[in-house]
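A closer look at the structure
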Amino acid sequence: MRLSLRFVLPLLLVLAGIAYAVAPLVDRMTLRWFVRDIEIRAELIANTIHGPLLEQLAAGKKAKTSEFFNRILQDERLYAIGYCATTTAPMLASRTLPAEVTCASLQRWKAPGEQLLSGARGLLHVAVLPVNTDTPAVTDTTTETDTTTPTTTAAGHLVLVHDMSFMTRRSEETKRYLFYVFMALAAAVSLITVVVAQLSWRGWMAGMQALLRGEGLLRRPEVSPQSSLPGFKPIARDLQRLIKELESENRARDESQLTWSPDTLRTILHGELRGEDVIVVSNREPYIHQRRGEMVEVQRPASGLVTALEPIMRACSGTWIAHGSGSADQEVVDSHDRIAVPPEHPAYQIRRVWLTPEEEAGYYYGFSNEGMWPLCHIAHVRPIFRSSDWAQYVAVNRKFAQAVVKESKTRNPIVLVQDYHFALLPKMIRDELPDATIISFWHIPWPNPESFAICPWREEILAGMLGSSIMGFHTQFHCNNFVDTVDRFLEARVDRESFDVSFGGKMTAVRRYPISIEWPPEPALLKKSVPECRSEIRSRNGLPQEHKLGIGVDRLDYTKGILERFRSIERLLELNPDWIGRFTFVQIAAPTRSSIDEYQHHEAQVRALAARINARFDRRGPPPIVLKVEQHATPQVYEYFRASDLCFVSSLHDGMNLVAKEFVAARDDERGVLILSEFTGAARELPESLIVNPYDSDQCAAALHLALSMPDLEQRDRMRLMRGLVAEFNVFRWAGRMLLDAASKRKRRRLVGKPERAD
Ligand code: F6P
């Protein structure tokens, strides 16, 4: 109503103004028409009285002529009448003739446009017409001929004065009607406009709300019939793109202005997310309590995921739900299966979930690591899919979903689901907590649709993952593969431009978030100087001080390319025998998933190959390969990184590989060379490393030789660039970007007043 008034009143005023401005124009036009009418009328009268007048004049009856004129004046519009024989003669006229009209002034009234006279009775029109003896009178108002000059045929001039006051009356009436017409027009236009505007506004608002929810206009009609407004679709798409561009522009600007640290994360959590409930779910726990005789030892697992998430949780003080796998885990938790960590400075809670040996065998060893792991990595190991493993995988995912529901303090927590162990969890959480914001991160690669197709439960896995609000991968390549896979196997709508997937009435944003490490590294890790590390590590391994050292740190996993790495070292020594006895490669290999046949087999192969190569080159000094199949704590690993001349990461396929980034972080002396497999996510971020194909042992041998001979200055230049990148794109930025995206999704939901469910 207010809108209508605001619109109608100005419109009425505008139209009234137009009417007011148009009125004089109408006046002028009607005056012209009336004058023309009067002139025709005057000619008619002149023609009619021509004969009787000539007779009167011929008879010389002047008094009779005046009476004759007064009789003619019965006509309501004819005001006065007169006759001039010559310009000097007195006028024979009716009583009403205005004093200004004389025989001497006839010439003036004949001039075009000069026939009007304002008198006491109002406006008068004066017409002067010739009276001829042999021809009927015609008006000469259109000619310039001086008709007052007597000719042989002209007998004088007739003067007819018409009353034009009726014209003023008519003009007033016309103006009044004009005003009414404009007012009626204004009312009609306003009414139509207001009705149309109301209808469009409602439709537009519904469209905008749906658009802001990231659904609606682009959603299929069967999902939401009221949102299928085809006319809006192009606008909606443009607007959506614009919003996203603005968001990403803002994000890029904000990100570059931020220093990403634990404090930045805390600020985002307490500011953007208003200190909301944060829950992390992963299979591997960040602290494992192991019983060693009388003692309970706290272990940190060799896991990229833990490396990345632990500093985040220290900053956020949330709850981390994970499988309690340590032998003393149950002894140390409270009655709710929780324990505060880190042990030295508790900052957040671990909530442990207990699994039976059958569950662990089917869910972890079976489906996750014999099925999904080889399925997602191109390492030429066949996945094994058993339905009994799948049943355990489903059951354990449900168990974790229940733990999430129990641990969440609100109806809309932020849940960070980690990795391929929990593909079904996002949907299970969504079913229980529809308003939750679920950010899932897939730490390993995602294969192409053809490779993924071999999984017998591919649809269930994809549908489970699409319960997430945001689905994150390390690289755009993995995002593309995922979206292609969804497109191939699900009835989902995939927007290739925005990388949003709409499935089952909800949206999942598929995004790239390259994971990283803590920066700056904990000072304790860099406390021992590089020369000290070099010297101690060499002494500990029985190597001469000037001996060249290479380092590899991995879980003993077939995807890491440890066999290929050893073959490259062998090839180096074949091609450049000078390095025999002068170069040793230390391989730290943390035992992993050892109850799986493939891993046992792989460990045996690695041990055998190292032994064979060492045997081959053993004669001339220290062995080329030192294999340490044991878990190493982070400070020990950093010591090795700082002591080495090169680090070799030769993964056959790897989501990111944080060892590469840790080596760079460890080298505050800006020395050391990184050799990096092109099949890691890290290779896209660290092009200053020596990028190699691990299957090409000649190329890898050349890279090893280049690294061992690289001048200090070149090492410095490369290392400086890589350190700059890791510093800027650290793990706080990785988590911060996901949380900021989650925050803007939640804000958008609040803005349009919709629950999170429709994310
Ligand atoms: O980096 C990939 C990854 O699967 C992590 O997600 C996982 O924590 C790590 O490897 C170690 O694997 P696991 O927990 O099976 O020892």
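Residues numbered from 1 in each chain as written. Predicted model: local features only at pLDDT ≥ 70, side-chain atom pairs only at ≥ 80, totals over all residues. Heavy atoms only, no water.

**Observations concerning the site of the ligand**
Contacts to the ligand come from Arg-284, Ala-302, Ser-303, Leu-305, Tyr-364, Trp-373, Asp-419, Tyr-420, Ile-444, Arg-555, Thr-592 and Arg-593. Arg-284 is positioned such that a nitrogen or oxygen atom in its side chain is 3.0 Å from an oxygen atom of the ligand. Side-chain polar atom of Tyr-364 to an oxygen atom of the ligand: 2.4 Å apart, as the coordinates give it. Contact with the protein chains hides 91% of the accessible area of the ligand, taken as 380 Å² for the molecule alone. (Near = heavy atom within 4 Å. Polar contact = N/O pair within 3.5 Å; in protein donor to acceptor, adjacent residues only side chain to side chain. Areas by Shrake-Rupley, 256 points an atom, 1.4 Å probe, with all protein chains shown as cover.)

**Observations concerning the pairing of strand β7 (residues 288-292)**
As defined by bridge partners, β7 adjoins strand β8 (residues 295-299) across five bridges and the pair is classed as antiparallel. Its bridge partner lying in β8, Ile-288 is registered against Gln-299. (Pairing = 2+ DSSP bridges. Helix = DSSP H or I, 4+ residues; strand = E, 2+ residues; numbered from the N terminus.)

**Some thoughts on the confidence of the model for the chain**
On average, residues of the chain score 86 in pLDDT, and 85% of them are at 70 or above. Taken element by element, the predicted model of the chain shows its lowest mean pLDDT in helix α5 (residues 233-257) (60) and its highest in strand β21 (residues 646-649) (99). Low pLDDT, under 50, characterises residues 135-152; the stretch is placed with 27 contacts to residues that sit more than four places away or in other chains. Below pLDDT 50 for its whole length, residues 213-228 participates in 32 contacts with residues either more than four positions away or in separate chains. (pLDDT = per-residue confidence, 0-100. Contact = heavy atoms within 4.5 Å.)

**Some points on the environment of Trp-390**
Among the secondary structure elements, Trp-390 is positioned in helix α10 (residues 387-407). With 66 residues separating them along the chain, Trp-390 and Pro-456 place their C-alpha atoms 9.6 Å apart.

**Focus on a nonpolar patch on the surface**
Where nonpolar side chains cluster on the molecular surface, the patch consists of Leu-25, Met-29 and Trp-33 and spans about 330 Å² of accessible area. Its place among the elements puts Leu-25 in helix α1 (residues 2-59). On the accessibility criterion, Leu-25 (47% relative accessible area) is partly exposed. (Patch = residues over 30% accessible without salt bridge, like charges linked within 9 Å, V, L, I, M, F, W, Y side chains within 5 Å. Salt bridge = Lys/Arg side-chain N within 4 Å of Asp/Glu carboxyl O. Buried < 20%, exposed > 50% of the residue type's maximum accessible area, 1.4 Å probe, protein only.)

**What about the state of the cysteines?**
Taken as a whole and judged by the stated rule, the model has one disulfide. Between the sulfur atoms of Cys-84 and its disulfide mate Cys-103 the distance is 1.9 Å. Residues Cys-84 and Cys-103 are joined by a disulfide whose S-S torsion is about -95 degrees; by sign, that bridge is left-handed. Taken together, the residues Cys-84 in strand β1 (residues 78-84) and Cys-103 in the loop between β2 (92-93) and α3 (106-110) connect sequence positions 19 residues apart. A relative accessible area of 3% means that Cys-103 is categorised as buried. Here Cys-455 stays unpaired: no disulfide links it, and the sulfur of Cys-376, its closest cysteine neighbor, is 8.9 Å away. Take Cys-455: its relative accessible area is 2%, and that puts it in the buried class. (Disulfide = S-S within 2.5 Å.)

**Overview of the nonpolar core**
By size, the foremost hydrophobic cluster in this structure holds 77 residues, and its most contacted members are Trp-320, Phe-641, Leu-674 and Trp-734. Sort the elements by how many residues they give to this core and helix α22 (residues 731-751) lands first, with nine residues. If sequence neighbours within four positions are ignored, Trp-734 has contacts with Ala-308, Leu-309, Gln-418, Phe-441, His-443, Tyr-513, Pro-514, Ile-515 and Ser-516. Grouped together as the second largest cluster of nonpolar side chains are 60 residues, Val-404, Phe-422, Leu-425 and Leu-652 included. (Core = buried A, V, L, I, M, F, W, Y, C linked by side-chain atoms within 4.5 Å.)

**Description of the packing of aromatic side chains**
For the structure on display, the rule yields 23 aromatic pairs. Taking 5.0 Å as the distance between ring centres and 5 degrees as the angle between the ring planes, the aromatic pair formed by Trp-390 and Trp-457 counts as stacked. Of the two residues, Trp-390 sits in helix α10 while Trp-457 sits in the loop between α12 (449-452) and α13 (458-465), which places them 67 residues apart along the sequence. The same class applies to Trp-390 as to Trp-457, namely buried. Geometrically, the ring pair formed by Phe-641 and Phe-663 is edge-to-face, given 5.7 Å between the ring centres and 70 degrees between the ring planes. You can see Phe-641 sitting in helix α18 (residues 634-643) and its partner Phe-663 sitting in helix α19 (residues 658-666), a full 22 residues away along the chain. Comparing Phe-641 with Phe-663, the two get one shared label, buried. Taken together, the ring pairs connect Tyr-363, Phe-367, Phe-385, Trp-390, Tyr-393, Phe-400, Phe-422 and Trp-457 into an aromatic cluster. (Phe/Tyr/Trp six-rings, centres within 6.5 Å; stacked < 30°, edge-to-face > 60°.)

**Quick notes on the sheet that holds strand β13 (residues 437-441)**
Spatial strand order, β10-β11-β9-β6-β12-β13-β14-β17-β16-β15: ten strands in an open sheet with mixed pairing. Edge positions in the open sheet fall to β10 (338-341) and β15 (493-495), since each of these has one partner strand only. Strand-to-strand twist of the sheet, defined as the mean angle between neighbouring strand axes without regard to direction, takes the value 20 degrees. Relative to strand β9 (residues 319-323), strand β6 (residues 278-282) is paired through four bridges, and the arrangement is parallel. Note on β9: the bridge partner recorded for Ser-282 is Ala-322. (Axes fitted to C-alpha atoms, helices over the stretch in contact; angles between N-to-C directions.)

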